[in-house]
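A look at the structure
As a plain string of letters, each chain reads:
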Amino acid sequence: MPGVNPPESKIDVLIIGAGPAGMMCATWMAHCGIATRIIDKRGTKIFNGQADGLQCRSLEIFESFGFGDRAWKEANHLLEFSMWNPSPDGKLRRDDRMPDTPPGISRYTESVLHQGRIERFFLDNIAKYSVANGNPFTVERGVLPIDIHLDDATVDDPDAYPITLTLRHLTDDEAAPEQSQSGSGVSDGLFRSNLAPDDTDDLSRKTSGLEGREETLRAKYVIGCDGAHSWTRKQLGFQLEGEPTDYIWGVLDIIPVTNFPDIRNRTSVHSESSGSLMVIPREAGLVRLYVQLQEVKPDASGRADRSQITPAVILAAAQRVLAPYTLTYKHCHWWTAYQIGQRVGTDFASRERIFIAGDAVHTHSPKAGQGMNVSMQDTYNLGWKVAHAVTKRAPRSILKTYQSERRRVAQDLIAFDHKFSRLFSGRPAKDAADEAGVSMEEFKKVFLQGAMFASGLSVNYGRSMLVAKEGNSKDQGDGTDVDAVGGKVVSKQQLATGLPVGMRFPSFQVLNQAGARPWPFQQWLKSDGRYRVVLFAGNVKHSAQRDRVDRWCEHAEGEGSWLKRCTPPSAPIDAVIEILTIHSAPRTECELLTDFPDLLHPLQQDDKGWSYDKVFVDDMSYHEGHGEAYKNYGVDPVRGCVVAVRPDGYTGYIGELEDVDGLTNYFAGCLLAISR
């Protein structure tokens, strides 16, 4: 009410925006037990449409949080990519087929499931872990930030709450999205499209009366995941660099009635003169069509009139592309339209206190299946770092690696999308002399080259205090200096040639030593905020190698070791850094409790007995063959090596068992020592 000061409160982390990027960040906070609030100006979650592509790396991340099986079970798996192009006589024909996901790169393939279900998985996971870890929270909908201030005097104090925000709680009517302008009566996503104007200012003006209430919130960290019209980005004065194109595309989610033979494959179709489309077969019989709208052009302002675009307009364009094949539908589930544009933010963070992620810092076309995936992986990279800074597990300096690592990925994405989207939208060349047309051979080449990139598995983070590789951190990132303070730690990459430092730790089958169960090893790299040290123990039945393993464990257990200096005295030995072992001796010749030091299978707290799930072997499974993990990881099966893995599953350091100083110095840059 007028004259009444708004209530004040404090929070460690405020997340603005409850789309996939915000949900991913919130999931980290729930798993790490961080006091968190996540707000969204919309009154409801997404129920239809929006993003739908799930790449291999995103599914691996979901699994690491504990809900990968839900997404994998419900999603439609894309296994084949078909290319349709005009023949010399102008008739449409299938030119080629290929695997949609390169075989062997992951135990997952590209899949599709609508954003509403994905957000539901996140919400359930956040509810479960935030309660279990003592700081329960959920999405607060209909809450709009209207002011933000960063206090320069306290910004470097790890205990301070230097960010002050004013939040407005909207009424139900204010928080409801704008209604469709099409008059079609079909659910649409135009209000979230880049063809729609930003409505944040309108919402702010609506709430100037008595219908809502305001509150003052002080936060340690703010993470803006509030989309392409990002309020957070605008408050910071950051810009998106890049240009829109003149290509306008419509999107239909339909139950199709068609005689086109590849309607259940991911398919690109280039017509001779009617534009292009892409077919994405969805779950529950749905098909998504991305259709080029040649007759819709941007106006003088550079933006298309969205009132010209309806489901009927999009369908008619698709029918022209697919002719002579026929296409109608009995049901349209959702539709939208967008204008292709590629932009990257100039900055991703302000003083390592306020961050922006996802569409707020990069925009691009959706046809490479990257939008939701790269956005989620932004905050997957950032979330654990913020959690470590809040809990003083790590120095605040590690937060600089977010911009260094993810802005470089965004720049690479825009370069790829710029090439791919123009090849997709262009007219097919009639012959080799047709320089104005698009070469279909070039289109296929770019698709194949981009398949690894699109999967999310080619991300290779540059040198930093978190990635001990050769080279210069500025050159390997976006120009930000993120090298370790003090001694330079460099991995011995030759010890594990299949584990590139800076890339995600791949997965190969190993067996549990105690019970013989086969596991994809990556399943043990849980997203719980802990680092892992993977001890490739080699052949422990060789006496010399067993001595090396024993000496390594003795040092790790010693006072002042890399393990003890980071672990609170009252905490379990694996509370901050978990040691996982893979050995190469025959499993049936080894015994867990006698052939491996106690450190590698420690007694658990609460009288739960020995840990039986930390020692694995590269051996033949009774039922599932041999994973050949040592061979695939490129590790000597006798001598082994030591690998440090970041909490987000990326390889940070590789060394010999004797390289004690290297491992010590690596963790000195990542983790703060505990006062004992």
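Here, the structure is the one placed above.
Notes on the structure in this doc start here. Nothing here was measured: the structure is a model prediction, and the numbers come from that model.

Thresholds, definitions, all that
- Residues numbered from 1 in each chain as written.
- Predicted model: local features only at pLDDT ≥ 70, side-chain atom pairs only at ≥ 80, totals over all residues.
- Heavy atoms only, no water.
- Buried < 20%, exposed > 50% of the residue type's maximum accessible area, 1.4 Å probe, protein only.
- Helix = DSSP H or I, 4+ residues; strand = E, 2+ residues; numbered from the N terminus.
- Pairing = 2+ DSSP bridges.
- Salt bridge = Lys/Arg side-chain N within 4 Å of Asp/Glu carboxyl O.
- Core = buried A, V, L, I, M, F, W, Y, C linked by side-chain atoms within 4.5 Å.
- Contact = heavy atoms within 4.5 Å.
- Phe/Tyr/Trp six-rings, centres within 6.5 Å; stacked < 30°, edge-to-face > 60°.
- Lys NZ or Arg CZ within 6 Å of the ring centre and 35° of its normal.
- Axes fitted to C-alpha atoms, helices over the stretch in contact; angles between N-to-C directions.
- Parallel < 35°, antiparallel > 145°, perpendicular 65-115°, else oblique.
- Left-handed = near helix turned anticlockwise from the far one by under 90°.
- Nonpolar A, V, L, I, M, F, W, Y, C, P; charged D, E, K, R; others polar.
- Expected span 1.5 Å × (residues − 1).
- Arc of directions from axis to C-beta.
- Polar contact = N/O pair within 3.5 Å; in protein donor to acceptor, adjacent residues only side chain to side chain.

Glancing now at the pairing of strand β28 (residues 651-655). The two faces of the sheet receive side chains in turn, since in a regular strand these alternate between them. The element β28 is extensively covered by neighbouring structure, given that 5 of its 5 residues are classed as buried. Examined bridge by bridge, strand β27 (residues 641-645) and β28 share 4 bridges and lie antiparallel to one another. Bridge pairing in β28 links valine 645 to threonine 651. Taking the residues between adjacent antiparallel strands as the criterion, β27 and β28 are bridged by 5 residues, where glycine 649 takes a positive phi near 85 degrees.

Moving on: the pattern of salt bridges. Going through the model one piece at a time under the given rule, you end up with 47 salt bridges. For glutamate 658, the salt bridge goes to arginine 548, with nearest N and O atoms at 2.7 Å. Linking glutamate 658 in the loop between β28 and α16 (660-670) with arginine 548 in helix α13 (residues 543-557), this pair joins segments that are 110 residues apart in sequence. In this structure glutamate 658 comes out as partly exposed when scored by relative accessible area, which is 42%. Judged by its relative accessible area of 6%, arginine 548 is buried.

In terms of nonpolar packing, the biggest core is built from 120 residues, with Phe536 and Trp552 touching the most fellow members. The greatest single-element share of this core, amounting to 9 residues, is contributed by helix α9 (residues 371-390). Setting aside chain neighbours within four positions, we find phenylalanine 536 in contact with Leu499, Phe505, Ile582, Tyr630, Tyr633, Val635, Arg639, Gly640, Cys641, Val643 and Leu657. Among the nonpolar cores identified, the runner-up in size contains 26 residues, and Val269, Ala318, Leu322 and Cys332 belong to it.

The subject of this paragraph is the packing of aromatic side chains. Within the structure shown, the criterion is met by 30 aromatic pairs. Ring geometry for phenylalanine 62 against phenylalanine 122: centres 5.5 Å apart, planes inclined by 85 degrees, an arrangement best described as edge-to-face. Of this pair, phenylalanine 62 sits in helix α2 (residues 56-65) while phenylalanine 122 sits in helix α4 (residues 115-132), and the two are 60 residues apart along the sequence. Residue phenylalanine 122 is classed as buried on the basis of its relative accessible area of 0%. By the ring-pair criterion, three or more aromatic residues cluster together here, those being Phe505, Phe508, Trp519, Phe521, Trp524, Phe536, Phe616, Tyr630 and Tyr633. Directly above the ring of tyrosine 221 sits arginine 353, whose terminal nitrogen or CZ lies 4.8 Å from the centroid. The aromatic ring of tryptophan 519 is capped on one face by arginine 517, whose charged end is 3.9 Å from the ring centroid.

Proline 324 follows alanine 323 through a cis peptide bond whose omega is 15 degrees. In this structure, proline 324 sits in the loop between α8 (311-322) and β16 (327-345). Its identity as a non-glycine residue notwithstanding, alanine 516 has a phi of 70 degrees, on the positive side. With respect to the secondary-structure elements, alanine 516 resides in the loop between β20 (509-512) and β21 (518-520).

Turning our eyes to something else, we now look at the packing of α2 against α9. If you want to describe how two helices pack, look at the angle between their axes and the distance between the axes. One can describe the packing of α2 onto α9 by two numbers: an axis separation of 10 Å at closest approach and a directional angle of 45 degrees. Comparing the axis directions of α2 and α9 gives the class oblique. For the element pair α2 and α9, the recorded crossing hand is left-handed. Residues Arg57, Ser58, Ile61, Phe62, Ser64 and Phe65 of α2 lie in contact with α9, whose contacting residues are Asn373, Met376, Gln377 and Tyr380. Split into classes, the residues belonging to the contact of α2 with α9 amount to 5 nonpolar, 4 polar and 1 charged.

Take the sheet that holds strand β7 (residues 111-112) next. Each strand in a sheet pairs with another by means of backbone hydrogen bonds, the pair being arranged parallel or else antiparallel. Pairing is antiparallel across the open sheet formed by 3 strands, whose spatial order is β3-β7-β4. Across the chains shown, the open sheet's two edge strands, defined by having one partner strand only, are β3 (53-54) and β4 (76-77). Alignment of β4 against β7, held across 2 bridges, turns out to be antiparallel. When the bridges of β7 are listed, asparagine 76 appears paired with valine 112.

On the basis of which strands lie adjacent, the open sheet formed by 7 strands has the order β21-β20-β24-β23-β22-β27-β28 and mixed pairing. With partners counted over all chains shown, the strands left at the sheet margins are β21 and β28, one partner each. Neighbour to neighbour, the strand axes of the sheet diverge by 30 degrees on average, direction disregarded. Relative to the sheet, α13 contacts β22 (531-538), β23 (577-583) and β27, its axis offset from that of β22 by approximately 155 degrees.

Right, let's get into the pairing of strand β15 (residues 287-292). In terms of residue burial, β15 counts as a mostly covered element, since 6 of its 6 residues are buried. Residues of β15 alternate between two faces, with Val287, Leu289 and Val291 on one and Arg288, Tyr290 and Gln292 on the opposite face, all of them buried. For strand β14 (residues 276-281) and β15, the ladder comprises 5 bridges, and the chain directions are antiparallel. Looking at β15, one finds that methionine 278 is bridged to tyrosine 290. In this antiparallel pair of consecutive strands, β14 and β15, the connection spans 5 residues, and alanine 284 shows a positive phi of 55 degrees.

For α8, built from 12 residues, the straight-helix expectation of 16 Å at 1.5 Å per residue is met to within 8% by its first-to-last C-alpha distance of 16 Å. Taken residue by residue, α8 has Pro311, Ile314, Leu315, Ala317, Ala318, Val321 and Leu322 as its buried positions. Buried residues of α8, viewed axially, fall in a sector of 160 degrees; they line one side.

This paragraph deals with the environment of aspartate 528. Examined against the element boundaries, aspartate 528 turns out to sit in the loop between β21 and β22. Here aspartate 528 falls in the partly exposed class, since its relative accessible area comes to 25%. Sequence separation of aspartate 528 and alanine 575 is 47 residues, and the distance between their C-alpha atoms is 10.0 Å. If near-sequence neighbours (up to four positions away) are discounted, aspartate 528 is found in contact with Trp28, His31 and Cys32. For aspartate 528, the side chain forms a polar contact with the side chain of arginine 532, separated by 3.1 Å.

A few words now on the packing of helix α1 (residues 20-32) against α2. Taken N-terminus to C-terminus, the directions of α1 and α2 make an angle of 25 degrees; their axes are 11 Å apart at the nearest point. In terms of orientation, α1 and α2 fall into the roughly parallel class. In this structure, α1 crosses over α2, and the sense of that crossing is left-handed. Of the residues in α2, those in contact with Met24, Thr27, Trp28 and His31 of α1 are Ile61, Phe62 and Phe65. Partitioned by chemical class, the residues of the contact of α1 with α2 number 5 nonpolar, 2 polar and no charged.

Moving on, we get to the side chain of serine 58. Counting through the fold element by element, serine 58 comes out in helix α2. Looking at serine 58, the relative accessible area reads 1%, which means it is buried. A polar contact is formed between the side chain of serine 58 and the side chain of glutamine 377, at a distance of 3.0 Å. Beyond its immediate chain neighbours, meaning those up to four positions away, serine 58 contacts Asn373, Met376 and Gln377.

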